[in-house]
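# A structural walkthrough
Residues per chain, in single letters:
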Amino acid sequence: MAITTGTEAPELAGLPLLGSMLDLKKDSLGTFLRAQRELGDVVRISAGPPGVRATVYGVFSADGAQQVLAGESANFRKDNAFYQEIRESFGNGLLTSQDEDYLRQRRLVQPLFTKRRVDGYAAAVAAEVTTLTAEWQDGGAASVDVLQEMTRLALRAVARILFGTDVDTAVEIVERSFPELGAYVLRRGYSPLKFPRDWPTPGNRKAAAIHEALYEVCDRIIAERRGSDRAHGGDDLLTLLVEAESAEDAGFDATELREQVLVFLLAGHETTATSLGFALHLLGKHPEAQKRAHEEIDRVLAGRTPGAADLDSLPYVTQVLKEAMRLFPAAPVIGRRAVAATEVGGVTIPAGADVIVAPWVTHRHPAYWEDAERFDPDRFTPEAEAARPRYAWFPFGGGPRACIGQHFSMLESVIALAMILQKYGFEAIDTEVPVGSAITLQTAGPARCRLVPRTA
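Because the structure is a prediction, the values reported are computed rather than measured.

This part is about the overall build of the chain. Check the secondary structure of the chain and you find 16 helices and twelve strands. For 456 residues, the compact-globule formula gives about 23 Å, and the C-alpha radius of gyration of the chain, at 22 Å, lands near that figure. Seen through its C-alpha atoms, the chain measures out along the principal axes to roughly 60 × 55 × 45 Å. The buried share among the 456 residues of the chain stands at 55%. For the chain, the accessible surface area stands at approximately 19300 Å², while carbon and sulfur atoms represent 53% of it. Taking the average location of the 49 positive side-chain charges in the chain and that of its 61 negative ones, the two points are 2 Å from each other.

Below, the discussion takes up the pattern of salt bridges. Per the stated rule, a full pass over the model turns up 27 salt bridges. Measuring nitrogen to oxygen at the nearest pair gives 2.7 Å for the salt bridge that ties Asp-219 to Arg-258. Of this pair, Asp-219 sits in helix H9 (residues 202-226) while Arg-258 sits in helix H11 (residues 254-285), placing them 39 residues apart in sequence. With a relative accessible area of 29%, Asp-219 lands in the partly exposed category. The partner of Arg-374 in a salt bridge is Asp-371, and the shortest N-O contact between them spans 3.0 Å. Accessibility expressed as a relative area gives 36% for Arg-374, which makes it partly exposed.

Take the nonpolar core next. Most often, soluble globular proteins have nonpolar side chains that are buried together. If you look at the biggest cluster of nonpolar residues, it comprises 141 residues, and the most contacted ones within it are Trp-136, Phe-163, Leu-237, Leu-417 and Phe-426. Of all the elements, H11 adds the most residues to this core, at twelve residues. Aside from chain neighbours lying at most four places away, what touches Phe-163 is Ala-170, Ile-221, Arg-225, Asp-236, Leu-238, Val-261 and Leu-265.

Moving on: the packing of helix H12 (residues 287-301) against helix H13 (residues 315-327). Their axes nearest at 8 Å, the elements H12 and H13 cross at an angle of 140°. Regarding the angle of H12 to H13, the classification is oblique. Between H12 and H13, the contacting residues are Ala-289, Arg-292, Ala-293, Glu-296 and Ile-297 on the first element and Pro-315, Tyr-316 and Val-317 on the second. Looking at side-chain class alone, the contact of H12 with H13 contains six nonpolar, no polar and two charged residues.

Below, the discussion takes up the sheet that holds strand E9 (residues 424-428). Spatially, E4-E12-E9 is the arrangement adopted by the three strands of the open sheet, whose pairing is antiparallel. What marks the edges here is a single partner per strand, and that holds for strand E4 (143-145) and E9. Each adjacent strand pair in this sheet contributes to an overall mean axis angle of 35°, direction not counted. Taken together, the five bridges between E9 and strand E12 (residues 448-453) define a ladder with antiparallel strand orientation. If you follow Ala-428 over to E12, its bridge partner there is Cys-449. The strands that helix H6 (residues 122-138) touches are E4, E9 and E12; relative to E9, the one it contacts most, it runs at about 70°.

Before going further, it helps to examine the pairing of strand E8 (residues 354-357). The alternating pattern of E8 places Asp-354 and Ile-356 on one face and Val-355 and Val-357 on the opposite face, and all of these are buried. Judged from the four bridges that link them, strand E2 (residues 54-59) and E8 form a sheet pairing that is parallel. Within E8, the residue paired with Gly-58 across the bridge is Ile-356. Judged from the four bridges that link them, strand E5 (residues 334-338) and E8 form a sheet pairing that is antiparallel. If you follow Arg-336 over to E8, its bridge partner there is Val-355.

A separate point is the pairing of E5. Counting buried positions along E5 gives four out of five residues, so the element sits mostly inside the fold. As paired strands, strand E3 (residues 76-77) and E5 are joined by two bridges and run antiparallel to one another. Paired with Phe-76 across the strands is Ala-338, a residue of E5.

Attention now goes to H12. The end-to-end C-alpha distance of H12 is 21 Å, a good match for the 21 Å that 15 residues give at a rise of 1.5 Å each. The set of residues buried in H12 consists of Ala-289, Gln-290, Ala-293, His-294, Glu-296, Ile-297 and Leu-301. Looking straight down H12, one finds that the buried residues subtend no more than 165° of arc, so they occupy a single side. For H12, the exposed residues set more than 90 degrees away from the buried face come down to Pro-287, Glu-288 and Arg-299. Directly beyond the C-terminal end of H12, a positive phi value near 50° is found at Ala-302.

The geometry of H13 relative to helix H16 (residues 406-423) is characterised by a closest axis approach of 10 Å and an angle of 120° between their N-to-C directions. Where H13 crosses over H16, the handedness of that crossing is right-handed. On H16, the residues that touch Val-317, Thr-318, Val-320, Leu-321, Lys-322 and Met-325 of H13 are Met-410, Ser-413, Val-414 and Leu-417. Here the contact of H13 with H16 is composed, by residue class, of seven nonpolar, two polar and one charged.

Strands sit in the order E1-E2-E8-E5-E3 across an open sheet of five strands; the sheet is mixed. Because the sheet does not close on itself, it has two edges, and the strands there are strand E1 (42-47) and E3. Sheet contacts for helix H2 (residues 62-71): E2, E3, E5 and E8; angle to E8, the most-contacted strand, approximately 125°.

Summed over the entire model, instances satisfying the criterion amount to nine aromatic pairs. Relative to Trp-199, the ring of Phe-195 has its centre 5.3 Å away and its plane inclined at 25°; by these criteria the two rings are stacked. In this structure Trp-199 comes out as partly exposed when scored by relative accessible area, which is 44%. Lying over the aromatic face of Phe-380, Arg-388 brings its terminal NZ or CZ to 5.0 Å of the ring centre.

For the rest of this paragraph, the subject is the side chain of Arg-388. By the secondary structure assignment, Arg-388 is in the loop between helix H15 (382-386) and H16. Within the buried set, Arg-388 has no salt-bridge partner at all; the shortest N-O distance to an opposite charge, 4.9 Å, is to Glu-385. When sequence neighbours within four positions are dropped, the list of residues in contact with Arg-388 reads Tyr-368, Trp-369, Arg-379 and Phe-380.

Conventions used here
- Residues numbered from 1 in each chain as written.
- Predicted model: local features only at pLDDT ≥ 70, side-chain atom pairs only at ≥ 80, totals over all residues.
- Heavy atoms only, no water.
- Helix = DSSP H or I, 4+ residues; strand = E, 2+ residues; numbered from the N terminus.
- Rg over C-alpha atoms; globule rule 2.2 N^0.38 Å.
- Buried < 20%, exposed > 50% of the residue type's maximum accessible area, 1.4 Å probe, protein only.
- Areas by Shrake-Rupley, 256 points an atom, 1.4 Å probe, with all protein chains shown as cover.
- Lys, Arg positive; Asp, Glu negative; His and termini not counted.
- Charge placed at Lys NZ, Arg CZ, Asp CG, Glu CD.
- Salt bridge = Lys/Arg side-chain N within 4 Å of Asp/Glu carboxyl O.
- Core = buried A, V, L, I, M, F, W, Y, C linked by side-chain atoms within 4.5 Å.
- Contact = heavy atoms within 4.5 Å.
- Axes fitted to C-alpha atoms, helices over the stretch in contact; angles between N-to-C directions.
- Parallel < 35°, antiparallel > 145°, perpendicular 65-115°, else oblique.
- Nonpolar A, V, L, I, M, F, W, Y, C, P; charged D, E, K, R; others polar.
- Pairing = 2+ DSSP bridges.
- Expected span 1.5 Å × (residues − 1).
- Arc of directions from axis to C-beta.
- Left-handed = near helix turned anticlockwise from the far one by under 90°.
- Phe/Tyr/Trp six-rings, centres within 6.5 Å; stacked < 30°, edge-to-face > 60°.
- Lys NZ or Arg CZ within 6 Å of the ring centre and 35° of its normal.

Set out below in structure tokens:
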């Protein structure tokens, strides 16, 4: 359908020759936030010199995000430059695939993320948290960088669930490789002119070496699973992926398995690490909220290890995590490309236009969030959530392409936060943590907190 009755989107002011390119490179999240504040909920942003200038349409309202991600999702596809770079770096897995490829992959993977299956991962998460807090205690740690530590925790947990006992090798390689690969994707995604990936530039050679290391560890573990007894009846996710079949589809071949594993490693640890790290840092800055969380945990758990059945009994801990995910969404910007012209909020989006929706901006929209920069877990009581539009908060995306692992992320986050707060209190040392956007939210500085051992 072609809808052209809307008005033209206002354009964010930029430099005559480069548009908003320098602003986007310096602070893309701040630029998108400023665009909404100055111009409204559908904005045009141009970047790059004449002749190769790129234009993106920012859609910042809850209703607009719902239209792009859900209501008209078929018209907004993952066809933009950034998704192509992610696809070339991580393969055509569930995050990046489309059409029949995506539908087939989703059918095969969906049974692995049922509530019953995910609830069974709780013990593996708890084991990794126990290991981490024991390391803090045994090492006499007086302070930790909570974002760094939660990244390590989330990587180890998802690697244990993906790979069973083959944890340390995978974690070491991923921890080293993913940030560098994300920066490479970001540079190429923003560049109006880029060399082919097979040209031997320093950046391309470094990225190729990272790919080789990631592929090698994934292929080795997959081959071991295919040839071992564990590949028949094992309960780690990779074994289940190896055996995945449906009535309509054959299972994954080795290349597809590799691509799924890489995507699950990326998406499976980033959301959890970001929400946990910032939840601890925010609690370290807000002692009254931390006290409420401690009181709930002590009352409900009485010192025992939480399981999946405890999630509903820890509402305030869940509210803390949701508020951390509002302020610091792991996927702060979500891109699409419009197939046909359409109208969003009375503004025309032309056919072929690059479009973004931005949790970073919508989660701070004054129409939905009073004093939006203030940390307040009570924004997520059932009554408060019911009073807001559905897409005022969407850290897991939405519509048919919503994150398949969102229940797993919430289960892991609630269990981990509860277990950590059982043993420690936190006092923020670094009061502000600068952030930016690559494939996911990136920090540009530490988030150190003092550890206060608890006797309760």
